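# Observations on the model geometry
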Amino acid sequence: MNGAAGCQGGGGGDDRGPRWRRPWKLLALGLLSASSVLAAAPGAGAMSKEEKRRLGNQVLEMFDHAYSNYMEHAYPADELMPLTCRGRVRGQEPSRGDVDDALGKFSLTLIDTLDTLVVLNKSKEFEEAVKKVIKDVNLDNDIVVSVFETNIRVLGGLLGGHSVAIMLKEKGEYMQWYNGELLHMAKELGYKLLPAFNTTSGLPYPRVNLKFGVRHPEARTGTETDTCTACAGTLILEFAALSRFTGTSIFEEYARKALDFIWEKRQRSSNLVGVTINIHTGDWVRKDSGVGAGIDSYYEYLLKAYVLLGDDSFLERFNTHYDAIMRYISQPPLLLDVHIHKPMLNARTWMDSLLAFFPGLQVLKGDIRPAIETHEMLYQVIKKHNFLPEAFTTDFRVHWAQHPLRPEFAESTYFLYKATGDPYYLEVGKTLIENLNKYARVPCGFAAMKDVRTGSHEDRMDSFFLAEMFKYLYLLFADKEDMIFDIEDYIFTTEAHLLPLWLSTTNQTISKKNTTTEYTELDDSNFDWTCPNTQILFPNDPMFAQSIREPLKNVVDKSCPRGISRAEESLGSGPKPPLRARDFMASNPEHLEILKKMGVSLIHLKDGRVQLVQHAVQAASSLDAEDGLRFMQEMIELSSQQQKEQQLPPRAVQIVSHPFFGRVVLTAGPAQFGMDLSKHKAGTRGFVATIKPYNGCSEITNPEAVKEKIALMQRGQCMFAEKARNVQKAGAIGGIVIDDNEGSSSDTAPLFQMAGDGKNTDDITIPMLFLFNKEGNIILDAIREYEAVEVLLSDKAKDRATIFKGKMIPNYIIDSNLEMENMDQKLSENDSHKQNSEEATSASQDVGAVSEEPEEGENSDVNDPDSLSPAHADSDSISISNQDSYVPGTDEASALEPACTQGDHQPQEQKTETESNSKVNWDNKVQPMESILADWNEDIEAFEMMEKDEL
């Protein structure tokens, strides 16, 4: 997203190109003027130029670390796997579901990074990268890919690369040989995506085969019926740019038709759109609406299509939707999903991390106050967890714990700084840099967070991390003189690719008639300026943004008291709901009769669960239907709360010995007995030892090797508690049980808890943790390589300042006497020597199985349906769905409301089969340990800089 895109629509005019260029530049000047006023204001706490330069150089070093490791260990694969130092090749790794649809064997990360290289002043590296793309990348692969991801990442990456290539060629130093090769590849890819649009509605299929299209017998796709709104509505910038660059109008025509169809299918009374739509009928499949996953970039592209193409209809549509968003979805500082037909009812009690882009879009719109409020709320969540969880509740608890290094929050931070000039946002950016280096940096790149609560890592580094994160962070700290071109001449796509504004006057083959129908007149404040000036964006007061942030600075820690919902508020002092979820008893005939009146059916499942389903059309009246919706929402919230209270959080196993030094963090399952690590913040630290017998089911025969150590044992053949008692008797200070299911991994299986044996377990005082097979083998392989391996068992990963407190620190990890000037000097030297240095997403709830051993031959007791009460019974026994207001897609049914839909009570062990090659064996990988150590040594200077502030 480009900071200058906040121009609002004025009148018409035929000379749209010149009319457009002038306001764009005027807005840029307005933002710069405001920045100057605020930055110079006394008491504003402006960051020094030296500090900004140091942070900018640090961003460059971080990018070099990520990019060079991708090129060395992964290229030509699509993405880098930073924990195992190898490339991710689709089909050679265990499937991750829809996430893998972004991979097409077309060197995704390199293409996605092309224009980032130029933004970061790495023109020589850019020239080399373009030559590699032209020479090595093949787009004619027999592989099924996501139309949405391929458009924004690959097509957008090629177009962004072409845009900056012709700019560099005009400057005369680099790319003199370039003759539009990237544009030719973009056009080839565009034609490969067109078969997806072969539907009666004009909405594209969600997937396409790059070689065979959609309906070809060998395509293996084309049977889908649904797509997300963002998937169909995030095409216009790339497709229109391709048409303008090439003079071939068909791409822009197809993208416009898809947008037109979505607009016509909006819910007319609320002016909202749903998350998922049927591509053939246009019916809304998922009828919840928000600004996060599934819809987000649809709104973004409406505003930016107006910016790039100058078509007033796009602005009118955006403003219509924006008015509805602020009326229903915005509940400052929260942004909560609602039902499109009943927008006064919230559809969720949690928010996903993709909505972090929205404050940036509000800056472009010119609505600064709510942007500041939401951004500050998100920042408080980050300060609590170090990163933004994939989803979090309205009371700021973690809902989905993953964080794949998403850039949306950095994006909004950049735009808020551009709009306000408030140095506060530079400090926010500094925090992001520190957290990335402290918690996500690994020897071979940056690893996504498996769980923000424990600090455990996931073996992935998505291409968008290089495409977006480093762009926004560098631009945040860069001054105009640091750039080799004027960034205000370009607009950012949703993947932060650069498209030049002069496309608005090039190859205008599409009629710009206003296709917006049934346009609703809105508040004049949506349209009363052509370009926002500083008085409209914010008063001439350097304390303005701070005054908005101040009431929110403790919102997460104190957790705002939950007020009544707008639906409850609308009832006023009217009649109370006929039945509250907390009072419901499944065995009460009166309650069942009330449910029937509200259109709620109760179904007894064979496995003992009770499923609640609501059909609003079966309710006795519209008021009863609303009562039913409210009851379902309360039930979901109650069930989720109860399950979270019963579910222990994951733990962390952190390898702290040489050569890891705390860099490798493994997600571990807790035990329902033994030491509670959440109450012992220091954790348990010790060297590991393998016990004999390995299953730990009888007296330990090597107690001398186990004493004062953390015992490693294999799962199976006896109860977990029995293993714990045996190793504790042998003198162990802790225990790690490793899964015997070959290939199991925390990447693909839900969190596993070790239950007791049904007896009193107070005699067990040592901590016990569970590792899946893949994570356990990382420790076993490290033992084979280094013999002495020391680990830390804790509730969450510790930074190295805590790990090495009071201990001798290896001098090649840190030199605490290093001066800041020396760090900057070494950093710049390091930069000069290095030449060639992501709907929604598939997030899974980490609610898993609670298991007792032995598993063989045991059956779980089912709940008695007649005595079931969700207020008192195990919430795992309740499954809730609302078929009128929410129908989950096939890929989301188990994730969107995991506290309710993951209803199987599973005392038996959880088994997840993955390919055998998912086992981590450091002796057999392409990347040997010696090479990893060499990579480590290359990062010493960066670690010195990172640790200076810690120790």
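Only a predicted model underlies this, so the values are computations on that prediction, with no experimental measurement involved.

### Concerning the state of the cysteines
For the structure shown, the criterion picks out three disulfides. Sulfur-sulfur distance for the disulfide between Cys 85 and Cys 444 comes to 2.0 Å. As the torsion about the S-S bond is roughly 95°, the Cys 85-Cys 444 disulfide counts as right-handed. Taken together, the residues Cys 85 in the loop between strand S1 (79-81) and strand S2 (86-88) and Cys 444 in the loop between strand S15 (441-442) and strand S16 (445-446) connect sequence positions 359 residues apart. Judged by its relative accessible area of 4%, Cys 85 is buried. Since its relative accessible area comes to 0%, Cys 444 is described here as buried. With a sulfur-sulfur separation of 2.1 Å, Cys 697 is cross-linked through a disulfide to Cys 718. Because the sign of the S-S torsion sets the handedness, a value of about -85° for the bond joining Cys 697 and Cys 718 places this disulfide among the left-handed ones. Remark: Cys 718 occurs in the loop between strand S26 (710-714) and helix H24 (720-729) and Cys 697 occurs in the loop between strand S25 (684-690) and helix H23 (703-706); sequence separation between them is 21 residues. Side by side, Cys 697 and Cys 718 carry an identical accessibility label, which is buried.

### Some remarks on the packing of helix H14 (residues 408-420) against helix H16 (residues 463-477)
H16 packs onto H14 with a crossing angle of 25° between their chain directions and a minimal axis gap of 9 Å. The angle between the axes of H14 and H16 places the two elements in the roughly parallel class. As H14 runs across H16, the sense of the crossing is left-handed. Contact residues: H14 offers Ala 410, Glu 411, Thr 413, Tyr 414, Phe 415 and Tyr 417, while H16 offers Glu 468, Met 469, Tyr 472, Leu 473, Leu 475 and Leu 476. Of the residues belonging to the contact of H14 with H16, the class tally is nine nonpolar, one polar and two charged.

### Looking at the confidence of the model for the chain
Averaged over every residue, the pLDDT of the chain is 79; the share at 70 or more is 72%. In the model, residues 526-537 has pLDDT below 50 throughout and makes 35 contacts with residues more than four positions away in sequence or in other chains.

### Some remarks on the pattern of salt bridges
Enumeration according to the criterion identifies 45 salt bridges in this entry. Across the pair Arg 256 and Asp 311 runs a salt bridge, and its minimum N-O distance is 3.0 Å. Of this pair, Arg 256 sits in helix H9 (residues 250-264) while Asp 311 is found in the loop between helix H10 (296-309) and helix H11 (312-329), placing the two residues 55 residues apart along the sequence. For the pair shown, Arg 256 and Asp 311 are each scored as buried. Note that Lys 418 and Glu 488 form a salt bridge whose closest N and O atoms lie 3.3 Å from each other. Placement of the pair is Lys 418 in helix H14 and Glu 488 in the loop between H16 and strand S19 (490-492), with a sequence separation of 70 residues. Overall, the relative accessible area of 16% leaves Lys 418 in the buried class. Residues joined in a network through salt bridges with shared partners are Glu 79, Arg 96, Asp 100, Glu 149 and Arg 153.

### Notes on the nonpolar core
Residues Phe 126, Leu 436, Phe 446 and Phe 470 are the most contacted members of the largest nonpolar core, which totals 175 residues. Membership of the second largest hydrophobic core comes to 23 residues, among which are Leu 666, Val 688, Leu 771 and Leu 793.

### Considering the sheet that holds strand S29 (residues 768-771)
A sheet is described by the order of its strands in space; here seven strands give the open sequence S24-S23-S30-S25-S26-S27-S29, paired in mixed fashion. Each end of this open sheet is capped by a strand with a single partner; those strands are strand S24 (664-668) and S29. The sheet shows a mean angle of 30° between the axes of neighbouring strands, taken without regard to direction. Bridge count between S25 and strand S30 (residues 790-794): four bridges; the pairing is antiparallel. Paired with Arg 685 across the two strands is Leu 792, which belongs to S30.

### Details of the packing of aromatic side chains
For the structure on display, the rule yields 31 aromatic pairs. An angle of 50° between the planes, with centres 5.6 Å apart, marks the rings of Phe 197 and Phe 239 as tilted. A residue pair is termed long-range when its members are at least 10 positions apart, and Phe 197 in the loop between helix H6 (181-193) and strand S4 (207-209) and Phe 239 in helix H8 (residues 236-246) qualify at 42 residues. With respect to burial, Phe 197 and Phe 239 carry one shared label: buried. Consider the rings of Phe 446 and Phe 465, whose centres lie 5.5 Å apart with planes at 55°: the pair is tilted. Pair noted here: Phe 446 is in strand S16 and Phe 465 is in helix H16, with a separation of 19 residues, a long-range link. Residue Phe 446 is classed as buried on the basis of its relative accessible area of 0%. Take Phe 465: its relative accessible area is 0%, and that puts it in the buried class. Here a set of aromatic residues connected by ring pairs shows up, and it is made of Phe 63, Tyr 67, Phe 446, Phe 465 and Phe 470. Positioned above the aromatic ring of Trp 263, the side-chain terminus of Arg 266 is 3.8 Å from the ring centre.

### Notes on the sheet that holds strand S12 (residues 350-352)
Across the sheet, which stays open at both edges, the three strands sit in the order S12-S13-S14 with antiparallel pairing between neighbours. Strands at the two margins of the open sheet, each flanked by one partner only, are S12 and strand S14 (398-400). Taken pair by pair, the neighbouring strands of this sheet meet at an average axis angle of 30°, ignoring direction. As paired elements, strand S13 (residues 391-393) and S14 share two bridges and run antiparallel to each other. In the strand pairing of S14, Phe 392 is matched with Val 398.

### A closer look at the environment of Arg 663
In this structure, Arg 663 sits in the loop between strand S23 (651-655) and S24. Among the residues examined, Arg 663 registers a relative accessible area of 4% and is labelled buried. When the C-alpha atoms of Arg 663 and Ala 440 are compared, they prove to be 8.7 Å apart, with 223 residues separating the residues in sequence. Reaching out from Arg 663, the side chain makes a polar contact with the backbone oxygen of Asn 437 at a distance of 3.3 Å.

### Section: helix H25 (residues 773-786)
Its 14 residues place the ends of H25 20 Å apart at the C-alpha level, agreeing with the 20 Å of an ideal helix rising 1.5 Å per residue. With respect to burial, H25 is a largely interior element, twelve of its 14 residues being buried. The set of residues buried in H25 consists of Asn 773, Lys 774, Glu 775, Gly 776, Asn 777, Ile 778, Ile 779, Leu 780, Asp 781, Ala 782, Ile 783 and Tyr 786. Trailing H25 by a residue or two, Glu 787 shows a phi angle of about 70°, which is positive.

### Some thoughts on the pairing of S24
Burial analysis of S24 places five of its five residues in the buried class, the great majority of the element. With burial as the criterion, each face of S24 is covered, one bearing Val 664, Leu 666 and Ala 668 and the other bearing Val 665 and Thr 667. As defined by bridge partners, S23 adjoins S24 across five bridges and the pair is classed as antiparallel. Across the sheet, Val 653 pairs through a bridge with Leu 666, a residue of S24.

### As for unusual backbone geometry
In this structure, the amide linkage connecting Pro 332 to the following residue, Pro 333, adopts the cis form with an omega of 5°. Relative to the elements of secondary structure, Pro 333 occurs in the loop between strand S9 (330-331) and strand S10 (334-335). Notably, Lys 105 is not glycine yet its phi reads approximately 55°, a positive angle. Tracing the chain through its elements places Lys 105 in the loop between S2 and helix H3 (108-119).

### Here's the deal with the packing of helix H12 (residues 358-365) against H14
Put simply, H12 and H14 touch, their axes get as near as 7 Å, and they point 30° apart. Between H12 and H14, the angle is such that the two are roughly parallel. As for how H12 packs across H14, the hand of that crossing is left-handed. Facing H12, whose interface residues are Phe 358, Pro 359, Gly 360, Val 363 and Leu 364, H14 presents Ser 412, Phe 415, Leu 416 and Ala 419.

The rules behind each value
Residues numbered from 1 in each chain as written. Predicted model: local features only at pLDDT ≥ 70, side-chain atom pairs only at ≥ 80, totals over all residues. Heavy atoms only, no water. Disulfide = S-S within 2.5 Å. Helix = DSSP H or I, 4+ residues; strand = E, 2+ residues; numbered from the N terminus. Buried < 20%, exposed > 50% of the residue type's maximum accessible area, 1.4 Å probe, protein only. Axes fitted to C-alpha atoms, helices over the stretch in contact; angles between N-to-C directions. Parallel < 35°, antiparallel > 145°, perpendicular 65-115°, else oblique. Left-handed = near helix turned anticlockwise from the far one by under 90°. Contact = heavy atoms within 4.5 Å. Nonpolar A, V, L, I, M, F, W, Y, C, P; charged D, E, K, R; others polar. pLDDT = per-residue confidence, 0-100. Salt bridge = Lys/Arg side-chain N within 4 Å of Asp/Glu carboxyl O. Core = buried A, V, L, I, M, F, W, Y, C linked by side-chain atoms within 4.5 Å. Pairing = 2+ DSSP bridges. Phe/Tyr/Trp six-rings, centres within 6.5 Å; stacked < 30°, edge-to-face > 60°. Lys NZ or Arg CZ within 6 Å of the ring centre and 35° of its normal. Polar contact = N/O pair within 3.5 Å; in protein donor to acceptor, adjacent residues only side chain to side chain. Expected span 1.5 Å × (residues − 1).

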